Amino acid sequence: YKRQALGRLGLKTLVVDKKPSPGQGENKHAIGGIRATHSSPAKILMGLRSIEIFSTWEETHGDDIEWVKGGYLFPVYRSTEEKALKKILPIQKKFGLEIDFFDADTMGELVPGINMNALLGGTYSPNDGSASPLLAINAFYRKALAYGVTFQFHTSVTGLTCSKKQITGIATGEGPIHAPVIVDAAGAYSQILGKTVNTDIPVLPESHEGAITEPVSRFFKCMIVDLRPAPGSKNYYFYQNRHGQIVFCITPDPPILGTDKRETSAFLPQVGARIVDLLPRLKNIRVRRVWRGLYPMTPDGAPLVGWSPEIEGLFHITGMCGQGFMLGPGIGEVAARTISGTTKPDDDSILEAFSPGRTFGGEETLK
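Since the structure is predicted, the reported quantities are computational estimates derived from the model, not experimental observations.

What counts and what doesn't
Residues numbered from 1 in each chain as written. Predicted model: local features only at pLDDT ≥ 70, side-chain atom pairs only at ≥ 80, totals over all residues. Heavy atoms only, no water. Pairing = 2+ DSSP bridges. Helix = DSSP H or I, 4+ residues; strand = E, 2+ residues; numbered from the N terminus. Buried < 20%, exposed > 50% of the residue type's maximum accessible area, 1.4 Å probe, protein only. Salt bridge = Lys/Arg side-chain N within 4 Å of Asp/Glu carboxyl O. Axes fitted to C-alpha atoms, helices over the stretch in contact; angles between N-to-C directions. Contact = heavy atoms within 4.5 Å. Core = buried A, V, L, I, M, F, W, Y, C linked by side-chain atoms within 4.5 Å.

Caption draft 1: Region of the structure containing the sheet that holds strand β8 (residues 157-163). One open sheet accounts for three strands, arranged β8-β9-β10; its pairing is antiparallel. Looking at the sheet topology across the chains shown, the edges are occupied by β8 and β10 (177-178). The sheet contact formed by β8 and strand β9 (residues 166-172) spans six bridges and is antiparallel. What sits directly across from serine 163, in β9, is glutamine 166.

Caption draft 2: Geometry of the pairing of strand β18 (residues 314-318). Judged by how many residues are buried, β18 sits mostly within the fold: five of five residues are covered. Along β18, one buried face is formed by Leu314, His316 and Thr318 and the opposite face, lined by Phe315 and Ile317, is buried too. Where strand β11 (residues 182-184) meets β18, three bridges bridge the pair, whose relative direction is parallel. Counterpart to valine 183 in the pairing with β18 is phenylalanine 315. Of the pairings in the sheet, the one linking strand β17 (residues 304-307) to β18 comprises four bridges and is antiparallel in character. Across the sheet, glycine 306 pairs through a bridge with histidine 316, a residue of β18. Between β17 and β18, which pair antiparallel and follow one another directly, the connecting turn spans six residues, one of which, glycine 313, has a positive phi of 95°.

Caption draft 3: Focus on the pattern of salt bridges. By the definition in use, this model includes 15 salt bridges. For the salt bridge of arginine 286 with glutamate 214, the shortest nitrogen-to-oxygen distance reads 2.9 Å. Separated by 72 residues along the polypeptide, arginine 286 in the loop between α7 (267-278) and β16 (287-297) and glutamate 214 in strand β12 (residues 204-215) bring together distant segments of the chain. Here glutamate 214 falls in the buried class, since its relative accessible area comes to 15%. With a closest N to O distance of 2.9 Å, aspartate 260 and arginine 262 form a salt bridge. Residue aspartate 260 is classed as partly exposed on the basis of its relative accessible area of 32%. Arginine 262 sits in the exposed class, given a relative accessible area of 59%. Counted as one network, the salt bridges with shared partners bring together Arg49, Glu52 and Glu333.

Caption draft 4: Seen up close, unusual backbone geometry. Residue proline 254 follows aspartate 253 across a cis peptide bond; omega there is 10°. Phi at glutamate 66 takes a positive value of approximately 60°, unusual for a residue other than glycine. Of note, glutamate 66 is situated in the loop between α2 (41-61) and β3 (72-76). One non-glycine residue, cysteine 321, lies in positive phi territory at about 55°. Note that cysteine 321 resides in the loop between β18 and α8 (324-340).

Caption draft 5: Broad picture of the sheet that holds β17. If you walk across this open sheet you meet the three strands as β11-β18-β17, and the pairing is mixed. Either end of the sheet is taken by a strand with one partner, and the two such strands are β11 and β17. Averaged over all neighbouring strand pairs, the angle between strand axes comes to 20°, with direction disregarded. In the packing of α8 onto the sheet, contacts are made with β11, β17 and β18, and the angle to β18 comes to roughly 175°.

Caption draft 6: Up close: the nonpolar core. Ranked by size, the top nonpolar core spans 56 residues in total, and within it Ile31, Ile34, Phe54, Ile331 and Phe354 carry the most contacts. When residues of this core are assigned to their parent elements, the largest contribution, eight residues, is made by α8. Residues in contact with isoleucine 34, not counting those within four places in the same chain, are Ile51, Phe54, Trp67, Tyr72, Asp128, Gly129, Ser130, Ala131, Phe325 and Met326. Ranked by size, the runner-up nonpolar core spans 25 residues in total, among them Tyr77, Tyr124, Phe248 and Ile275.

Okay, structure coming up:
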């Protein structure tokens, strides 16, 4: 989306991609969830704008990207999660989220068959949803072409080039490309890219696995996020897409660092048991496919968006921490306005929160 945002503002934009076609990077591995339900004000604002774009895309541009308004639901079985979720409700509401804490009976109505044993309630935000990463990315690509953006596929970027801390372009396997502004959207590989001009980009890759089942009749709409930790995992989440397939993922703990994207034998037994315990009626559904993708992680779990504090002309849109698909459209617009010098007053708080030169604190509650 960030590419077509640049093109829409009339900037001459070239996208260099080592893949053979659009949508073959890490967003291809996203499970499709899109939420504004965060605890960081900047992420809430970017999530709300992204939802506005996703939810109106078909009406505005004609492409069916399989948007489903299903909401996000955080069930609570322990006082620890209840206190944490209730604590952040005021800031979520302050920045425009429609969200509240509901009792166990309401959770049962929203998710028929949910395990009611010890269920205390949970939060539900109805305006969140999901879309197809593959369909959405290709729709964004076609719109970028219409705005005059050029794409150069099958081209590996081997490094940045600069002179006296001023960016001059990039080095590629096909030869140098010169430009006064380079946008670092390298994600999990941003740190490697930065080292070519002796700048440290604090982004480390982590491996995360996901899976999808056979389709069954739809019986729940929301993304269910269980924040309870368990051996080997921090949390897990799943939803039923438009076709009736259950799509699910887990957050490993400790993190699995590196760029290894081979599937493991540990993933399904680990997450499957937890999902079935929460929603027993899923026990007989067959899993069709598993995969593994990379989360480009920053020290505080928030993106890096803005000009490099060290290299003039280098702009970062990286370190999305596994939330690039859901936050990308909103962040893409802010980035395009910043690069073109047409920022709005509301952009300042976003750029401050995501500044590449910020002092990193702890992770937000709903990372």
